[in-house]
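Each chain is listed here by its residues.
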Amino acid sequence: MPEGGVGPAILAFHIDNDGACMTRGLAIARAVWCIGLCLPPAAALHAQQAGTATGVHRHPPPRAAKAAFDRSTALFTRHDTTGALAAIRQAIELDPNYLAAHDQFVAVIQAKILIRDEANFERTLALATRTLEKQYTAWEKRFPTAAGIPYGMGATFIAAEDPRAKPYLLRAVKLDPTLAKAYEMLSEDASRWGDEPGARAFQAKAVAADPSNGEYAVSYAWDFHDTDPAKWRALMQGAVQRFPKTQSGAEALFSLGREAPTDSERVTYFEQLRSQYSPEKFRAAGGATYQLFEVYTRVAPDKALALAQDLMGTSTDPEDQRDWAVKVVLVRNLIFARSLLADHKDAAAWAVLSATRVPKYSTNDEMFALLQASAAAGSGKTQTAYDTLVARFAKYPTDSVRAAVLRYATTLGKSSAQVDSAVWMQRNTVAKPAIPFKLGRYTSSDSASLADYKGKVMLLTFWFPGCGPCRGEFPHFEKVLNEFKGRDVAYVGVNVFAGQDSYVLPFMRGTGYSFTPLHEDATIEKDYNVRGEPSNYLIDGTGRIVFSDFMIEDAAGEGSLRLMIESMLDH
């Protein structure tokens, strides 16, 4: 779904913070959005869309309602939330089917209340939701046949990722079966209930009700990402063709590039995105520029250098200039080191690569590590190559790094058992005791404790039903964990958002996921230093955290998780 659903949530997350975790659910993200006073541009966009075929918004609102809406936007821009609130109330009472006004009303209420206590989003968001519920209950009595009123109440609960959204949205589409945005919200909500067939059906209705809306089309495509990849690709390509020069068309191109199976296909999509869309206007184009640089670095370093030099010279943002300057040095060193290796000057190449700074979230860090190790070994520093890669493999194992470690081990006369011992020496230095917990189960009145899993490898994930990246990660976890059925492996998920408790059991039934869902308590997130969701930990049979700070997003990640679990079972 556009923000809370698996596909586009992951897309937006990667464009903005490639490699980082989502910090909280849609509720908190929207709270920050309101406090950051980003409402006016969004409100203006809603106003522009007022005449599109979205059900009760088929026609522009009355002039007086539109004037009140614009006044609210202007007041909010000046941080006058009290005045903005009065004006947007007036807009709704003049036209209770004014959808953009309902969206803005929800946002202004959230902003007004959340600004009082920015440090405690969940508590203040709950207060905002109660305030909105009281107002909409009163409006429902005054405007019993207006689809906009239950739509607004449903939007309130959707904004808070609250399970109470569904009946209001169903009432809205019953009053107006062409209300596209309510169908889109129902689809978003269905994913949190674990009802993916329902999510697809509602999204299909949104597309049918408003075929001109590219966001709905892209969201519908994402509904097939895991179940029918060929259909997902075809629908995304269709969105690119049907919605050129729009945010939706740009996001569809970005998705196709990011999910492409080969680097050559990625280059094609990202080059097309950069040529057709301006990064200043289209967020996805900025993401494509970074992704294209990453791919060029692997397959065409000269192009990567030219791209980085161009952006370093044309950017007006000092931080961007510094970032691209680092990338210029990175690729220059790569090109130079490879030329030195071609001339059999391995020691010089090793010196260059050792001094090269690889950005934290680069997808090419393993490539640089393997190249540096090769240069070290070629210059007679095989032990250095071996030690460097052992340390890397100990933290995040991959087949490529293991193959290189074993190759250097053979040169040094070491056995595979000695390699495993060296790896575990590294892991033992960073492993730390998991803090004991005792948490309630969703499936019974019993509790589960860390001690219950003694002797087992436990994958512990912190999640909540509204977390798109969490839902995107679960299929990868499930695929790997299924390979360890019958072995001493446990899979546990702690829902950190008590307000979404009602979603949990239906989500488990609908998806068929096998993890044991547990309630949070007042301390576990702090105890485990959870900074965002998903947060994942692998705990060994003695109760030590051996692996943490990882996310699994693709087949390569599945391979690493498999190696982690296998090594812990064998150790």
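Residues numbered from 1 in each chain as written. Predicted model: local features only at pLDDT ≥ 70, side-chain atom pairs only at ≥ 80, totals over all residues. Heavy atoms only, no water.

A. Looking closely at the overall build of the chain. Assigned secondary structure in the chain consists of 27 helices and 8 strands. Across the 571 residues of the chain, 53% fall into the buried class. Intrachain contacts of the chain at a sequence separation of at least 6 include 65% that bridge at least 24 residues. Accessible surface for the chain amounts to roughly 24,800 Å². Of this, 53% is attributable to carbon and sulfur atoms. (Helix = DSSP H or I, 4+ residues; strand = E, 2+ residues; numbered from the N terminus. Buried < 20%, exposed > 50% of the residue type's maximum accessible area, 1.4 Å probe, protein only. Contact = heavy atoms within 4.5 Å. Areas by Shrake-Rupley, 256 points an atom, 1.4 Å probe, with all protein chains shown as cover.)

B. Here's a closer look at helix H27 (residues 555-570). Taking 1.5 Å per residue as the helical rise, H27 with its 16 residues ought to reach 22 Å, and the 22 Å between its terminal C-alpha atoms agrees with that figure. Along H27, the residues classified as buried are Gly557, Glu558, Gly559, Ser560, Leu561, Leu563, Met564, Ile565, Ser567 and Met568. Its side-chain oxygen 3.2 Å from the backbone nitrogen of Ala556, Asp554 forms the N-cap of H27. (Expected span 1.5 Å × (residues − 1). Polar contact = N/O pair within 3.5 Å; in protein donor to acceptor, adjacent residues only side chain to side chain.)

C. Representation of helix H7 (residues 121-142) within the structure. Compared with the 32 Å implied by 1.5 Å per residue over 22 residues, the 32 Å span of H7 between its first and last C-alpha is a close match. Among all positions in H7, only Thr124, Leu125, Ala128, Thr129, Leu132, Gln135, Tyr136 and Trp139 are buried. Within H7, the buried residues cover an arc of 140° as seen down the axis, which keeps them to one side. In this structure, H7 carries Arg123, Lys134 and Lys141 as exposed residues pointing more than 90 degrees from its buried face. (Arc of directions from axis to C-beta.)

D. Local environment of empty space enclosed by the protein. Per the stated rule, a full pass over the model turns up 2 cavities of 30 Å³ or more. A volume near 30 Å³ is recorded for the second largest cavity. Considering the residues around the second largest cavity, the lining is formed by Trp350, Gln372, Ala373, Ala376, Thr384, Ala385 and Thr388. Secondary structure elements with two or more residues in the lining of the second largest cavity: helix H20 (365-378) and helix H21 (382-395). For the lining of the second largest cavity, the residue count by class is 4 nonpolar, 3 polar and no charged. (1 Å grid on protein atoms, 1.4 Å probe; cavity = no way out; pocket = protein on both sides within 12 Å on 5 of 7 lines; lining within 4 Å. Points joined across faces, edges and corners; volume = space filled by probe spheres on them. Nonpolar A, V, L, I, M, F, W, Y, C, P; charged D, E, K, R; others polar.)

E. Molecular detail of the sheet that holds strand E8 (residues 544-548). The 6 strands lie next to each other as E1-E8-E7-E4-E5-E6, forming an open sheet whose pairing is mixed. Bordering the open sheet on either side are strand E1 (432-433) and strand E6 (516-519), each of which pairs with just one other strand. Sheet topology places strand E4 (residues 457-463) next to strand E7 (residues 535-539); 5 bridges connect them, and they run antiparallel. Counterpart to Leu459 in the pairing with E7 is Leu538. Together, E4, strand E5 (489-495) and E7 form the strand contacts of helix H24 (residues 468-482), whose direction differs from that of E4 by roughly 165°. Across the sheet, H27 lies against E4, E5, E7 and E8, angled at about 25° from E7, the strand it touches most. (Pairing = 2+ DSSP bridges. Axes fitted to C-alpha atoms, helices over the stretch in contact; angles between N-to-C directions.)

F. Local environment of the pattern of salt bridges. A full pass over the atoms with the stated rule returns 17 salt bridges. Linking Asp323 and Lys327 is a salt bridge whose minimum nitrogen-to-oxygen distance equals 2.8 Å. Of this pair, Asp323 and Lys327 both sit in helix H18 (residues 318-342), 4 residues apart, which is roughly one turn of that helix. Residue Asp323 is classed as partly exposed on the basis of its relative accessible area, which comes to 33%. The closest approach of N and O atoms between Arg402 and Asp420, which form a salt bridge, is 3.5 Å. (Salt bridge = Lys/Arg side-chain N within 4 Å of Asp/Glu carboxyl O.)

G. Broad picture of the packing of aromatic side chains. Scanning all chains against the criterion turns up 25 aromatic pairs. Ring centres of Phe105 and Trp139 lie 5.1 Å apart, and the angle between their planes is 55°; this geometry places the pair in the tilted category. Pair noted here: Phe105 is in helix H6 (residues 99-114) and Trp139 is in helix H7, with a separation of 34 residues, a long-range link. Across the pair, exposure class does not vary: Phe105 and Trp139 are buried alike. Between Tyr528 and Tyr537 the ring centres are 5.6 Å apart and the planes differ by 75°, which places this aromatic pair in the edge-to-face class. One aromatic cluster is present, formed by Trp463, Phe474, Phe477, Tyr491, Phe507, Tyr513 and Phe515 through successive ring pairs. Note that Lys327 overlies the ring of Trp324, its terminal NZ or CZ placed 5.1 Å from the centroid. We note Arg407 situated over the ring of Tyr408; from NZ or CZ to the ring centre the distance is 5.3 Å. (Phe/Tyr/Trp six-rings, centres within 6.5 Å; stacked < 30°, edge-to-face > 60°. Lys NZ or Arg CZ within 6 Å of the ring centre and 35° of its normal.)

H. View of the nonpolar core. Core analysis: the biggest nonpolar cluster contains 102 residues, and Phe105, Tyr136, Tyr151, Leu179, Met236, Leu273 and Phe293 have the highest contact counts within it. Ranked by the residues each element gives to this core, the list is headed by H6, at 9 residues. Those residues in contact with Phe293 that sit more than four places away from it in its chain are Ala304, Leu307, Ala308, Trp324, Lys327, Leu330 and Val331. Ranked by size, the runner-up nonpolar core spans 50 residues in total, among them Leu439, Met458, Val492 and Val504. (Core = buried A, V, L, I, M, F, W, Y, C linked by side-chain atoms within 4.5 Å.)

I. Spotlight on the packing of H20 against H21. One way to put it is that H20 packs onto H21 with a least axis distance of 7 Å and a crossing angle of 160°. Classified by the angle between their axes, H20 and H21 sit roughly antiparallel to one another. Pair H20 / H21 crosses with left-handed handedness. From H20, Asp365, Glu366, Ala369, Leu370, Ala373, Ala376 and Ala377 reach across to H21, where they touch Thr382, Ala385, Leu389 and Arg392. Of the residues in the contact of H20 with H21, the class split is 7 nonpolar, 1 polar and 3 charged. (Parallel < 35°, antiparallel > 145°, perpendicular 65-115°, else oblique. Left-handed = near helix turned anticlockwise from the far one by under 90°.)

J. Representation of unusual backbone geometry in the model. Following Glu533, the chain continues to Pro534 via a peptide bond in cis, the omega torsion being 0°. Secondary-structure assignment places Pro534 in the loop between helix H26 (524-527) and E7. Phi at Glu161 takes a positive value of approximately 50°, unusual for a residue other than glycine. On the secondary structure map, Glu161 appears in the loop between helix H8 (148-159) and helix H9 (165-175).

K. Representation of the packing of helix H17 (residues 301-314) against H18 in the model. At a minimum axis separation of 8 Å, H17 and H18 run at an interaxial angle of 155°. One finds that H17 runs roughly antiparallel with respect to H18. Of the two elements, H17 crosses H18, and the hand of that crossing is left-handed. On the side of H17, the interface is formed by Pro301, Asp302, Ala304, Leu305, Ala308, Gln309, Leu311 and Met312, while H18 contributes Gln321, Trp324, Ala325, Lys327, Val328, Val331, Arg332, Leu334, Ile335 and Arg338.

Just distances and angles here, no functional claims.
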